[in-house]
Amino acid sequence: MPDLIVEGLSVEFNGQTAVDDVTFTVNDGEFFTLLGPSGCGKTTTLSTIAGLETPTKGIIRVGPEIFVDAAKHRFLTPEERNLGMVFQSYALWPHMTVEDNLAMPLKIRKASKAEQNRRIGDALNQVGLLPYRKRYPHELSGGQQQRVALARALVYSPSVLLLDEPLSNLDAKLRDRARAWLKELQQSVGITTIYVTHDQLEALSLSDRLAVMGEGKMLQVGTPNEIYDHPNCLAVADFIGRCSFFRAKVLETGAGTLVVDLVDGEGTLRVTSATAFAAGTHVTIGVRSELVKVSQPRDDVPAISVNAIPADLKKASYVGARYEFELMAAGQLIFAEGEHKLDEQQVWLIVPEDGLFVFAED
Ligand code: ADP
Ligand code: MG
(Lines give C-alpha, C1' and ligand atoms only; values in the text may rest on other atoms or scores of the structure.)
(Ligands and ions follow the chains in the order given, each with its own letter.)
Protein backbone atom coordinates (compact mmCIF):
# COMPACT_ATOMS: atom_id res chain seq x y z
CA MET A 1 0.00 0.00 0.00
CA PRO A 2 1.14 3.56 -0.64
CA ASP A 3 1.68 6.08 2.14
CA LEU A 4 -1.15 8.16 3.60
CA ILE A 5 -0.37 11.85 3.28
CA VAL A 6 -2.07 14.73 5.10
CA GLU A 7 -1.05 18.20 3.93
CA GLY A 8 -2.01 21.54 5.48
CA LEU A 9 -5.24 20.21 6.98
CA SER A 10 -7.48 22.72 8.77
CA VAL A 11 -10.92 22.03 10.22
CA GLU A 12 -13.28 24.61 11.71
CA PHE A 13 -16.46 24.31 13.76
CA ASN A 14 -18.64 27.45 13.69
CA GLY A 15 -15.65 29.61 12.80
CA GLN A 16 -13.50 28.10 15.58
CA THR A 17 -10.34 26.30 14.43
CA ALA A 18 -10.16 22.73 15.77
CA VAL A 19 -7.34 21.50 13.51
CA ASP A 20 -4.79 24.06 12.38
CA ASP A 21 -2.61 23.44 9.32
CA VAL A 22 -1.66 19.87 10.22
CA THR A 23 0.77 17.96 7.99
CA PHE A 24 2.08 14.40 8.36
CA THR A 25 2.82 11.24 6.39
CA VAL A 26 2.04 7.71 7.57
CA ASN A 27 4.21 5.08 5.91
CA ASP A 28 2.99 1.76 4.57
CA GLY A 29 2.46 -0.73 7.40
CA GLU A 30 3.30 1.83 10.05
CA PHE A 31 1.63 2.15 13.47
CA PHE A 32 1.28 5.93 13.73
CA THR A 33 -0.23 7.68 16.77
CA LEU A 34 -1.81 11.08 17.29
CA LEU A 35 -1.12 11.96 20.93
CA GLY A 36 -2.21 15.01 22.88
CA PRO A 37 -4.43 16.32 25.66
CA SER A 38 -8.21 16.22 25.43
CA GLY A 39 -9.58 18.79 23.00
CA CYS A 40 -6.38 19.20 20.95
CA GLY A 41 -7.98 17.99 17.71
CA LYS A 42 -7.07 14.28 17.49
CA THR A 43 -10.57 12.92 16.86
CA THR A 44 -11.33 15.71 14.41
CA THR A 45 -8.17 14.88 12.43
CA LEU A 46 -9.08 11.17 12.35
CA SER A 47 -12.73 11.83 11.43
CA THR A 48 -11.62 14.11 8.62
CA ILE A 49 -9.37 11.37 7.23
CA ALA A 50 -12.33 8.97 7.47
CA GLY A 51 -14.58 11.42 5.63
CA LEU A 52 -16.92 12.19 8.55
CA GLU A 53 -15.84 15.85 8.76
CA THR A 54 -15.18 18.30 5.93
CA PRO A 55 -12.01 20.38 6.22
CA THR A 56 -11.72 24.03 5.22
CA LYS A 57 -8.21 23.52 3.86
CA GLY A 58 -5.84 20.75 2.95
CA ILE A 59 -5.18 17.61 0.99
CA ILE A 60 -5.53 13.98 2.09
CA ARG A 61 -4.30 11.26 -0.22
CA VAL A 62 -3.21 7.65 -0.25
CA GLY A 63 -0.49 7.48 -2.87
CA PRO A 64 -1.92 9.02 -6.05
CA GLU A 65 -5.53 8.64 -4.90
CA ILE A 66 -6.88 11.99 -3.68
CA PHE A 67 -9.44 11.58 -0.84
CA VAL A 68 -9.67 15.30 -0.17
CA ASP A 69 -8.54 18.41 -1.98
CA ALA A 70 -10.37 21.22 -0.20
CA ALA A 71 -9.22 23.89 -2.67
CA LYS A 72 -10.77 21.88 -5.53
CA HIS A 73 -13.85 20.90 -3.50
CA ARG A 74 -12.98 17.25 -3.94
CA PHE A 75 -14.23 15.08 -1.05
CA LEU A 76 -14.61 11.30 -1.44
CA THR A 77 -17.39 9.70 0.61
CA PRO A 78 -16.35 7.50 3.58
CA GLU A 79 -17.26 4.36 1.57
CA GLU A 80 -15.12 5.43 -1.37
CA ARG A 81 -12.12 5.77 0.94
CA ASN A 82 -12.37 2.16 2.18
CA LEU A 83 -10.85 2.82 5.62
CA GLY A 84 -11.50 0.74 8.74
CA MET A 85 -12.57 2.59 11.86
CA VAL A 86 -12.98 1.72 15.52
CA PHE A 87 -14.19 4.32 18.01
CA GLN A 88 -14.00 4.49 21.77
CA SER A 89 -17.56 3.18 22.04
CA TYR A 90 -17.43 0.05 19.92
CA ALA A 91 -20.90 0.75 18.49
CA LEU A 92 -21.75 -2.87 17.75
CA TRP A 93 -25.36 -3.39 16.71
CA PRO A 94 -26.84 -4.91 19.90
CA HIS A 95 -29.68 -6.81 18.23
CA MET A 96 -27.33 -8.56 15.77
CA THR A 97 -25.03 -11.53 16.33
CA VAL A 98 -21.27 -11.15 15.97
CA GLU A 99 -21.54 -12.70 12.52
CA ASP A 100 -24.27 -10.30 11.39
CA ASN A 101 -22.33 -7.33 12.77
CA LEU A 102 -19.43 -8.34 10.56
CA ALA A 103 -21.65 -9.09 7.57
CA MET A 104 -23.07 -5.55 7.52
CA PRO A 105 -20.10 -3.72 5.95
CA LEU A 106 -19.76 -6.59 3.43
CA LYS A 107 -23.41 -6.37 2.40
CA ILE A 108 -23.00 -2.61 1.90
CA ARG A 109 -20.10 -3.48 -0.40
CA LYS A 110 -22.26 -6.09 -2.16
CA ALA A 111 -20.03 -9.07 -1.39
CA SER A 112 -21.48 -12.50 -2.32
CA LYS A 113 -22.71 -14.83 0.43
CA ALA A 114 -19.68 -17.11 -0.01
CA GLU A 115 -17.30 -14.14 0.11
CA GLN A 116 -19.04 -12.84 3.26
CA ASN A 117 -18.63 -16.21 4.96
CA ARG A 118 -14.99 -16.51 4.07
CA ARG A 119 -14.16 -12.96 5.17
CA ILE A 120 -16.12 -13.20 8.44
CA GLY A 121 -14.32 -16.45 9.27
CA ASP A 122 -10.92 -14.91 8.49
CA ALA A 123 -11.57 -11.73 10.50
CA LEU A 124 -12.92 -13.59 13.56
CA ASN A 125 -9.97 -15.94 13.38
CA GLN A 126 -7.56 -12.99 13.35
CA VAL A 127 -9.03 -11.64 16.58
CA GLY A 128 -9.37 -15.10 18.19
CA LEU A 129 -13.18 -15.10 18.34
CA LEU A 130 -14.17 -17.76 15.80
CA PRO A 131 -16.23 -19.77 18.35
CA TYR A 132 -18.29 -16.67 19.19
CA ARG A 133 -19.82 -15.94 15.79
CA LYS A 134 -23.40 -16.76 16.88
CA ARG A 135 -23.27 -14.72 20.10
CA TYR A 136 -24.86 -11.35 20.71
CA PRO A 137 -22.74 -8.40 21.93
CA HIS A 138 -24.27 -8.52 25.45
CA GLU A 139 -23.05 -12.13 25.73
CA LEU A 140 -19.43 -10.96 25.37
CA SER A 141 -17.01 -9.24 27.77
CA GLY A 142 -15.90 -5.65 27.12
CA GLY A 143 -12.58 -6.90 25.77
CA GLN A 144 -14.31 -9.34 23.42
CA GLN A 145 -16.72 -6.68 22.15
CA GLN A 146 -13.74 -4.49 21.44
CA ARG A 147 -12.19 -7.29 19.38
CA VAL A 148 -15.43 -7.77 17.45
CA ALA A 149 -15.35 -4.06 16.63
CA LEU A 150 -11.80 -4.53 15.34
CA ALA A 151 -12.81 -7.59 13.33
CA ARG A 152 -15.66 -5.59 11.81
CA ALA A 153 -13.20 -2.84 10.82
CA LEU A 154 -10.82 -5.39 9.25
CA VAL A 155 -13.41 -7.62 7.52
CA TYR A 156 -13.43 -5.73 4.22
CA SER A 157 -9.62 -5.41 4.02
CA PRO A 158 -9.43 -1.64 4.44
CA SER A 159 -6.33 0.15 3.19
CA VAL A 160 -5.82 1.94 6.51
CA LEU A 161 -7.09 1.25 10.03
CA LEU A 162 -8.22 4.27 12.10
CA LEU A 163 -8.51 3.70 15.85
CA ASP A 164 -9.85 6.37 18.22
CA GLU A 165 -9.02 5.53 21.86
CA PRO A 166 -10.24 1.96 21.31
CA LEU A 167 -8.92 0.71 24.67
CA SER A 168 -10.20 3.48 26.92
CA ASN A 169 -13.36 1.61 27.97
CA LEU A 170 -11.37 -1.36 29.28
CA ASP A 171 -10.15 -1.57 32.86
CA ALA A 172 -6.42 -1.10 33.49
CA LYS A 173 -5.37 -4.74 33.52
CA LEU A 174 -7.40 -5.70 30.47
CA ARG A 175 -6.07 -2.62 28.71
CA ASP A 176 -2.46 -3.79 29.13
CA ARG A 177 -3.31 -7.14 27.58
CA ALA A 178 -5.40 -5.59 24.82
CA ARG A 179 -2.52 -3.27 23.99
CA ALA A 180 -0.08 -6.14 23.48
CA TRP A 181 -2.67 -8.06 21.51
CA LEU A 182 -3.51 -5.06 19.30
CA LYS A 183 0.14 -4.51 18.42
CA GLU A 184 0.54 -8.18 17.47
CA LEU A 185 -2.59 -8.08 15.34
CA GLN A 186 -1.48 -4.91 13.57
CA GLN A 187 1.89 -6.47 12.79
CA SER A 188 0.49 -9.78 11.60
CA VAL A 189 -2.08 -8.08 9.34
CA GLY A 190 0.60 -5.54 8.33
CA ILE A 191 -2.03 -2.83 8.03
CA THR A 192 -1.16 0.88 8.11
CA THR A 193 -2.74 2.18 11.33
CA ILE A 194 -3.49 5.62 12.76
CA TYR A 195 -4.16 5.43 16.47
CA VAL A 196 -5.53 8.25 18.62
CA THR A 197 -4.86 8.46 22.35
CA HIS A 198 -4.27 10.94 25.16
CA ASP A 199 -2.31 8.24 27.02
CA GLN A 200 1.43 8.76 26.57
CA LEU A 201 2.25 5.24 27.75
CA GLU A 202 0.03 3.73 25.06
CA ALA A 203 1.54 6.02 22.46
CA LEU A 204 5.14 5.28 23.42
CA SER A 205 4.68 1.52 23.69
CA LEU A 206 2.57 0.93 20.57
CA SER A 207 3.82 3.35 17.95
CA ASP A 208 6.45 3.14 15.26
CA ARG A 209 6.16 6.92 15.16
CA LEU A 210 3.89 9.41 16.88
CA ALA A 211 2.74 12.97 16.43
CA VAL A 212 2.22 15.14 19.49
CA MET A 213 -0.62 17.64 19.05
CA GLY A 214 -1.51 20.71 21.09
CA GLU A 215 -4.32 23.20 20.49
CA GLY A 216 -5.05 21.93 17.00
CA LYS A 217 -1.42 22.08 15.90
CA MET A 218 1.19 19.45 15.21
CA LEU A 219 3.98 20.04 17.73
CA GLN A 220 6.41 17.22 16.92
CA VAL A 221 6.54 14.02 14.86
CA GLY A 222 9.08 11.29 15.61
CA THR A 223 9.82 7.84 16.98
CA PRO A 224 8.97 7.27 20.66
CA ASN A 225 12.70 7.56 21.46
CA GLU A 226 13.13 10.81 19.55
CA ILE A 227 10.11 12.37 21.22
CA TYR A 228 11.04 11.22 24.72
CA ASP A 229 14.75 12.06 24.52
CA HIS A 230 14.61 15.12 22.29
CA PRO A 231 11.34 17.03 22.73
CA ASN A 232 11.46 20.05 20.42
CA CYS A 233 9.53 22.38 22.72
CA LEU A 234 8.48 22.84 26.30
CA ALA A 235 4.89 21.68 25.63
CA VAL A 236 6.08 18.30 24.31
CA ALA A 237 8.57 17.83 27.17
CA ASP A 238 5.83 18.68 29.63
CA PHE A 239 3.22 16.38 28.09
CA ILE A 240 5.44 13.28 27.82
CA GLY A 241 6.89 11.68 30.95
CA ARG A 242 7.31 13.57 34.23
CA CYS A 243 9.38 16.63 33.53
CA SER A 244 10.35 19.53 35.78
CA PHE A 245 11.49 22.96 34.69
CA PHE A 246 13.95 25.55 36.01
CA ARG A 247 14.11 29.10 34.78
CA ALA A 248 17.73 30.05 34.22
CA LYS A 249 20.11 32.55 32.65
CA VAL A 250 23.16 31.56 30.60
CA LEU A 251 26.43 32.55 32.32
CA GLU A 252 28.95 30.86 30.05
CA THR A 253 28.70 29.11 26.75
CA GLY A 254 31.37 26.70 25.46
CA ALA A 255 31.79 23.75 23.10
CA GLY A 256 28.54 21.83 23.58
CA THR A 257 28.19 22.97 27.20
CA LEU A 258 26.39 25.80 28.95
CA VAL A 259 26.73 27.06 32.50
CA VAL A 260 23.47 28.58 33.70
CA ASP A 261 22.41 30.37 36.85
CA LEU A 262 18.99 29.58 38.31
CA VAL A 263 16.78 32.65 38.19
CA ASP A 264 14.39 31.86 41.04
CA GLY A 265 16.83 30.37 43.54
CA GLU A 266 20.40 29.48 44.42
CA GLY A 267 22.32 27.18 42.15
CA THR A 268 24.34 26.78 39.02
CA LEU A 269 23.93 24.04 36.44
CA ARG A 270 26.37 22.76 33.85
CA VAL A 271 24.31 21.50 30.92
CA THR A 272 25.19 19.70 27.69
CA SER A 273 23.51 21.50 24.81
CA ALA A 274 23.76 20.97 21.07
CA THR A 275 22.44 24.51 20.59
CA ALA A 276 24.68 27.42 21.56
CA PHE A 277 22.99 30.18 23.55
CA ALA A 278 24.63 33.59 24.07
CA ALA A 279 25.56 34.59 27.62
CA GLY A 280 22.68 36.48 29.20
CA THR A 281 19.96 34.50 27.35
CA HIS A 282 17.02 33.43 29.46
CA VAL A 283 16.29 29.72 29.07
CA THR A 284 14.11 27.03 30.60
CA ILE A 285 15.90 23.86 31.66
CA GLY A 286 13.81 20.66 31.64
CA VAL A 287 14.75 17.48 33.50
CA ARG A 288 12.99 14.11 33.59
CA SER A 289 12.10 12.86 37.08
CA GLU A 290 14.14 9.67 36.64
CA LEU A 291 17.31 11.75 36.10
CA VAL A 292 17.00 13.78 39.30
CA LYS A 293 18.85 12.27 42.26
CA VAL A 294 17.91 13.24 45.78
CA SER A 295 20.76 13.29 48.28
CA GLN A 296 20.29 13.66 52.02
CA PRO A 297 20.95 15.00 54.52
CA ARG A 298 21.89 18.39 53.22
CA ASP A 299 25.16 18.36 55.27
CA ASP A 300 26.48 15.55 53.02
CA VAL A 301 27.20 18.14 50.38
CA PRO A 302 29.61 20.60 51.99
CA ALA A 303 28.78 23.68 49.95
CA ILE A 304 26.67 24.64 47.01
CA SER A 305 28.34 22.88 44.10
CA VAL A 306 27.54 22.83 40.42
CA ASN A 307 24.39 20.79 39.59
CA ALA A 308 23.35 20.52 43.26
CA ILE A 309 20.27 22.51 44.26
CA PRO A 310 18.87 22.84 47.78
CA ALA A 311 15.28 21.56 47.94
CA ASP A 312 12.42 20.94 50.34
CA LEU A 313 10.60 17.65 50.19
CA LYS A 314 6.84 18.21 49.90
CA LYS A 315 5.43 14.81 49.12
CA ALA A 316 6.64 11.21 48.86
CA SER A 317 4.47 8.47 47.33
CA TYR A 318 5.36 4.80 47.34
CA VAL A 319 4.39 3.45 43.88
CA GLY A 320 5.68 -0.11 44.24
CA ALA A 321 9.44 -0.81 44.02
CA ARG A 322 10.21 2.93 44.18
CA TYR A 323 9.18 6.29 45.54
CA GLU A 324 8.04 9.35 43.65
CA PHE A 325 8.94 12.66 45.25
CA GLU A 326 7.65 16.18 44.84
CA LEU A 327 10.01 18.90 45.97
CA MET A 328 10.27 22.67 45.89
CA ALA A 329 13.55 23.99 44.51
CA ALA A 330 14.42 27.32 42.92
CA GLY A 331 10.79 28.35 43.20
CA GLN A 332 9.57 25.39 41.15
CA LEU A 333 7.75 22.14 41.82
CA ILE A 334 10.22 19.39 40.94
CA PHE A 335 9.54 15.68 40.40
CA ALA A 336 12.13 13.06 41.38
CA GLU A 337 12.30 9.32 42.00
CA GLY A 338 14.26 7.08 44.33
CA GLU A 339 14.46 3.57 45.69
CA HIS A 340 14.53 4.66 49.31
CA LYS A 341 12.33 6.64 51.60
CA LEU A 342 13.67 10.06 52.58
CA ASP A 343 14.01 10.83 56.28
CA GLU A 344 14.82 14.49 55.95
CA GLN A 345 12.80 17.30 54.58
CA GLN A 346 15.75 19.44 53.53
CA VAL A 347 17.70 17.71 50.80
CA TRP A 348 19.91 18.28 47.77
CA LEU A 349 18.79 17.67 44.24
CA ILE A 350 21.59 16.42 42.05
CA VAL A 351 20.92 17.06 38.40
CA PRO A 352 23.06 15.39 35.69
CA GLU A 353 24.90 17.34 33.03
CA ASP A 354 23.60 15.18 30.17
CA GLY A 355 20.04 14.53 29.17
CA LEU A 356 18.61 17.91 30.20
CA PHE A 357 16.48 19.95 27.81
CA VAL A 358 17.28 23.58 27.11
CA PHE A 359 14.55 25.78 25.59
CA ALA A 360 14.94 29.46 24.78
CA GLU A 361 12.41 31.61 26.60
CA ASP A 362 10.43 33.93 24.40
P1 ADP B 1 -9.61 15.41 20.97
O2 ADP B 1 -10.07 14.22 20.20
O3 ADP B 1 -8.13 15.69 20.84
O4 ADP B 1 -10.01 15.37 22.40
P5 ADP B 1 -11.49 16.86 19.29
O6 ADP B 1 -10.95 16.67 17.93
O7 ADP B 1 -12.64 16.02 19.69
O8 ADP B 1 -10.31 16.73 20.35
O9 ADP B 1 -11.93 18.37 19.47
C10 ADP B 1 -11.11 19.46 19.06
C11 ADP B 1 -11.87 20.76 19.28
O12 ADP B 1 -12.97 20.83 18.40
C13 ADP B 1 -12.45 20.90 20.67
O14 ADP B 1 -12.36 22.23 21.05
C15 ADP B 1 -13.90 20.48 20.50
O16 ADP B 1 -14.71 21.11 21.44
C17 ADP B 1 -14.19 20.96 19.08
N18 ADP B 1 -15.19 20.10 18.39
C19 ADP B 1 -15.04 18.79 18.09
N20 ADP B 1 -16.12 18.31 17.44
C21 ADP B 1 -16.99 19.35 17.33
C22 ADP B 1 -18.30 19.51 16.75
N23 ADP B 1 -18.92 18.50 16.13
N24 ADP B 1 -18.87 20.72 16.83
C25 ADP B 1 -18.25 21.77 17.43
N26 ADP B 1 -17.03 21.69 17.98
C27 ADP B 1 -16.39 20.51 17.94
MG1 MG C 1 -11.10 12.50 20.94
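Predicted model, so just to flag it, every value in this text is computed and none were measured. Per-chain numbering applies: the sequence of each chain, read as written, is numbered from 1 onward. Labels are handed out in written order, letters beginning with A for the chains and numbers beginning with 1 for the ligands. Totals for whole chains, interfaces and linings use all residues, but because this is a predicted model, local features are given only for residues with pLDDT of at least 70 and pairs of side-chain atoms are given and counted only at 80 or more.

1. A few points about the overall build of the protein
Here comes step 1: We count a stretch as a helix when DSSP gives it H or I for four or more residues in a row; a strand needs E for two or more, and each element gets its number in order from the N terminus. Assigned secondary structure in the protein consists of nine helices and 21 strands.
Here comes step 2: By its C-alpha atoms, the protein is 80 × 50 × 35 Å across when sized along the principal axes.
Here comes step 3: Counts of 20 or more other C-beta atoms within 10 Å of a residue's own C-beta define buried residues, counts of 12 or fewer define exposed ones, and intermediate counts define partly exposed ones; C-beta atoms are placed from the backbone. With 362 residues in all, the protein has 35% of them scored as buried.
Here comes step 4: Placing C-beta atoms from the backbone, we regard two residues as in contact once those atoms come within 7 Å. Long-range contacts, defined here as pairs at least 24 residues apart, represent 65% of the contacts in the protein between residues at least 6 apart.

2. With respect to the domain arrangement of the protein
Here comes step 1: For each domain, the first and last residues come from an automatic or database assignment. When its domains are assigned, the protein resolves into domain 1 (4-235) and domain 2 (242-360).
Here comes step 2: Computed from C-alpha atoms alone, the centre-to-centre distance between domain 1 and domain 2 is 40 Å.

3. With respect to the site of ligand 1
Here comes step 1: Near, for a residue, is defined by distance from a backbone-placed C-beta atom to a molecule or strand, with 6 Å as the limit that must not be exceeded. Every residue close to ligand 1 is listed here: Phe13, Ala18, Gly36, Ser38, Gly39, Cys40, Gly41, Lys42, Thr43 and Thr44.
Here comes step 2: If one sorts the elements of the shell around ligand 1 by residue count, helix H1 (residues 42-50) sits on top with three residues.
Here comes step 3: Residues belonging to the shell around ligand 1 are distributed by class as follows: three nonpolar, six polar and one charged. When residues are sorted by character, Ala, Val, Leu, Ile, Met, Phe, Trp, Tyr, Cys and Pro go into the nonpolar class, Asp, Glu, Lys and Arg into the charged class, and all the rest, Gly among them, into the polar class.

4. Digging into the pairing of strand S12 (residues 243-254)
On any regular strand, side chains alternate: one points to one face of the sheet, the next to the other face.
Here comes step 1: Note on pairing: two strands pair once DSSP finds at least 2 bridges between them. Of the strand pairs in this sheet, S12 and strand S15 (residues 282-288) are connected by seven bridges, and their pairing is antiparallel. Bridging across to S15, Phe246 finds its partner in Ile285.
Here comes step 2: Relative to strand S13 (residues 257-262), S12 runs antiparallel, the two sharing six bridges. By the bridge assignment for S13, Ala248 is matched with Leu262.
Here comes step 3: Between S12 and the antiparallel strand that follows it, S13, lie two residues; Gly256 among them carries a positive phi value of about 75°.

5. Quick word on the sheet that holds strand S4 (residues 57-62)
Here comes step 1: Read from one edge to the other, the open sheet built from five strands follows the order S2-S1-S4-S5-S6, with strand pairing classed as antiparallel. What marks the edges here is a single partner per strand, and that holds for strand S2 (16-26) and strand S6 (74-75).
Here comes step 2: Summarising the sheet, strand S1 (residues 4-13) and S4 pair through five bridges and their orientation is antiparallel. Residue pairing across strands places Ile5 opposite Arg61, the latter belonging to S4.

6. A word on the sheet that holds strand S14 (residues 268-272)
The strands that make up a sheet pair up through hydrogen bonds in the backbone, lying either parallel or antiparallel.
Here comes step 1: If you walk across this open sheet you meet the five strands as S14-S13-S12-S15-S21, and the pairing is antiparallel. Two strands in the sheet have a free side with no partner beyond their single neighbour: S14 and strand S21 (357-360). The average angle at which neighbouring strand axes cross in this sheet is 40°, direction not considered. Here an axis means a line fitted to C-alpha atoms, over the contact stretch when the element is a helix, while the angle between two N-to-C directions is reported on a 0 to 180 degree scale.

7. A look at unusual backbone geometry
Here comes step 1: In the Ramachandran plot, His73 falls in the positive-phi region, its phi being about 55° despite a non-glycine side chain.
Here comes step 2: Here His73 is to be found in the loop between strand S5 (65-69) and S6.
Here comes step 3: A positive phi angle is found at Asn307, which is not glycine, with a value near 70°.
Here comes step 4: Its location among the elements puts Asn307 in the loop between strand S16 (293-295) and strand S17 (308-318).
Here comes step 5: Judged by local crowding, Asn307 falls into the partly exposed class, with 17 C-beta atoms found within 10 Å.

8. So, the nonpolar core
Here comes step 1: In terms of nonpolar packing, the biggest core is built from 88 residues, with Ala151, Leu162, Ile194, Val212, Ile285 and Leu349 touching the most fellow members.
Here comes step 2: In terms of residues, this core owes the most to one element, helix H5 (residues 142-154), which gives six residues.
Here comes step 3: Formed jointly, this core draws a minimum of three residues from each of two domains, domain 1 (4-235) and domain 2 (242-360).
Here comes step 4: What Val212 contacts, discounting residues up to four positions off in sequence, is Leu35, Gly36, Leu219, Gln220, Ile227, Val236 and Phe239. Think of a nonpolar core as buried Ala, Val, Leu, Ile, Met, Phe, Trp, Tyr and Cys residues chained together by C-beta atoms that fall within 7 Å.

9. A few points about the pairing of strand S18 (residues 323-329)
Here comes step 1: Pairing between S17 and S18: six bridges, direction antiparallel. By the bridge assignment, Leu313 is partnered in S18 with Leu327.
Here comes step 2: Where S17 hands over to S18, the hairpin turn is made up of four residues, of which Gly320 adopts a positive phi near 90°.
Here comes step 3: In this sheet, strand S19 (residues 332-338) lies alongside S18 in antiparallel orientation, the contact comprising seven bridges. Each bridged residue has a counterpart across the sheet, and for Leu327 the counterpart in S19 is Ile334.
Here comes step 4: A loop of two residues connects S18 with S19, the two strands running antiparallel in sequence, and Ala330 in this loop sits at a positive phi of about 45°.

10. Observations concerning the confidence of the model for the protein
Here comes step 1: Residues at a pLDDT of 70 or more form 98% of the protein, whose mean pLDDT is 92.
Here comes step 2: Overall fold confidence for the complex sits at a pTM of 0.91, while the interface term, ipTM, reaches 0.98. Per residue, pLDDT measures the predictor's confidence, with a range of 0 to 100.

11. Here's the deal with the packing of helix H3 (residues 98-108) against helix H4 (residues 113-126)
Here comes step 1: Contact geometry of H3 with H4 gives a least axis separation of 10 Å together with a crossing angle of 125°. The angle between the axes of H3 and H4 places the two elements in the oblique class. Where H3 crosses over H4, the handedness of that crossing is right-handed. On H4, the residues that touch Glu99, Leu102, Ala103 and Leu106 of H3 are Gln116, Arg119, Ile120 and Ala123.
Here comes step 2: Partitioned by chemical class, the residues of the contact of H3 with H4 number five nonpolar, one polar and two charged. In what follows, roughly perpendicular refers to angles from 65 to 115 degrees, roughly parallel to angles under 35, roughly antiparallel to angles over 145, and oblique to any angle outside these ranges. Crossings are assigned a handedness: left-handed for a near helix turned anticlockwise from the far helix by less than a right angle, right-handed for a clockwise turn.

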